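Structural characterization, general
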Amino acid sequence: MADLADKLNRPLLDAAGLTEGHRLLDLASGAGEPALSAARRAGPDGLVVGSDLVPGMMAGAVRRARSVEGPAPTFTAADMTALPFADAAFDGVTCRFGIMFVPGVDSALREVRRVLRPGGKAAFMVWGPRAGNGLFAEIGDVVADHLGEDGSLDPLFRFAKPGLLSEVMRAAGFAETSETDLTPVRKAPAGQPFWRAALDMSFGHRLGGLSAERRKALEQDIAKRFDAQAVDGIVPVPSHARIVVGW
Ligand SMILES: C[S@@+](CC[C@H](N)C(=O)[O-])C[C@H]1O[C@@H](n2cnc3c(N)ncnc32)[C@H](O)[C@@H]1O
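Residues numbered from 1 in each chain as written. Predicted model: local features only at pLDDT ≥ 70, side-chain atom pairs only at ≥ 80, totals over all residues. Heavy atoms only, no water.

The name given to the protein chain in an unreviewed UniProt entry is Methyltransferase domain-containing protein, with Azospirillum oryzae as the source organism.

1. Some details on the sheet that holds strand β9 (residues 241-246)
Taken together, the seven strands give an open sheet; going across it, the order is β3-β2-β1-β4-β5-β9-β6, and neighbouring strands pair in mixed fashion. In this open sheet, the two strands that pair with only one neighbour each are β3 (74-77) and β6 (177-182). In this sheet, adjacent strand axes meet at a mean angle of 20° when their direction is disregarded. Where strand β2 (residues 47-52) meets β3, four bridges bridge the pair, whose relative direction is parallel. (Pairing = 2+ DSSP bridges. Helix = DSSP H or I, 4+ residues; strand = E, 2+ residues; numbered from the N terminus. Axes fitted to C-alpha atoms, helices over the stretch in contact; angles between N-to-C directions.)

2. With respect to the site of the ligand
The full set close to the ligand counts 15 residues, and Ala 28, Glu 33, Asp 52, Asp 79 and Arg 96 are the nearest of them. Contact between the ligand and Ala 28: a nitrogen atom at 2.7 Å from a main-chain N or O atom of the residue. Taking Asp 52, its side chain carries an N or O atom lying 2.6 Å from an oxygen atom of the ligand. Coverage of the ligand by the protein chains reaches 82% of its 610 Å² of free accessible surface. Along the lines of polarity and charge, the residues of the shell around the ligand split into nine nonpolar, two polar and four charged. (Near = heavy atom within 4 Å. Polar contact = N/O pair within 3.5 Å; in protein donor to acceptor, adjacent residues only side chain to side chain. Areas by Shrake-Rupley, 256 points an atom, 1.4 Å probe, with all protein chains shown as cover. Nonpolar A, V, L, I, M, F, W, Y, C, P; charged D, E, K, R; others polar.)

Shown next as structure tokens:
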């Protein structure tokens, strides 16, 4: 995802209204995105707190933060449905590809409203439809060919329908919402397993029990699909994300 990071983070931070000196909370930061970019934008007078349900993810984000120059975020483990922060503690909240994994999405959204100052904005990035997300679509199709379809990718696309997350946010008390679609094309190197992290992340639970031969055959089919799309050594991988902002 690194090559797409700027194309995704910049508009997400814009949507949250992040400027120098702001206090921003990033939810479900995983390995630290977009908290790391946010800290650079908030500058030395600002405060960026990255958070994730899984403490191990936060340990990785802290390691990454050490290797970047300039202001770094603070990272802390936190469940977004029960945030350990005071009311109105933040000027903005971001969450990149996280809200779809939370069963209690209403509780999370109410917590986000509680920790936002009046007038502060919450910006969520979610995936658009599977068909527009070449990485997951191709991997998902090959896994389905080999092992059958089991809906493993469904949570990723929980808010793919336009307007759906806005509706849920308004029900949780956001007065206004707006949505913007982004369709950046990732330029991936042909002949490289750039797809393996996504395969492991989405299907690791199904692949663990496969024999080495079956796994190799599955991976060869994924590689063949992407390599067949290469132009001058580059595989153009379309993606479709949506920013949903509420205030
Ligand atoms: C796909 S990752 C996104 C990571 C990062 N924001 C990015 O865009 O690369 C989803 C993250 O959501 C986190 N997550 C899931 N449920 C959560 C919850 N209830 N509260 C906080 N984080 C949660 C997971 O631990 C995981 O790190």
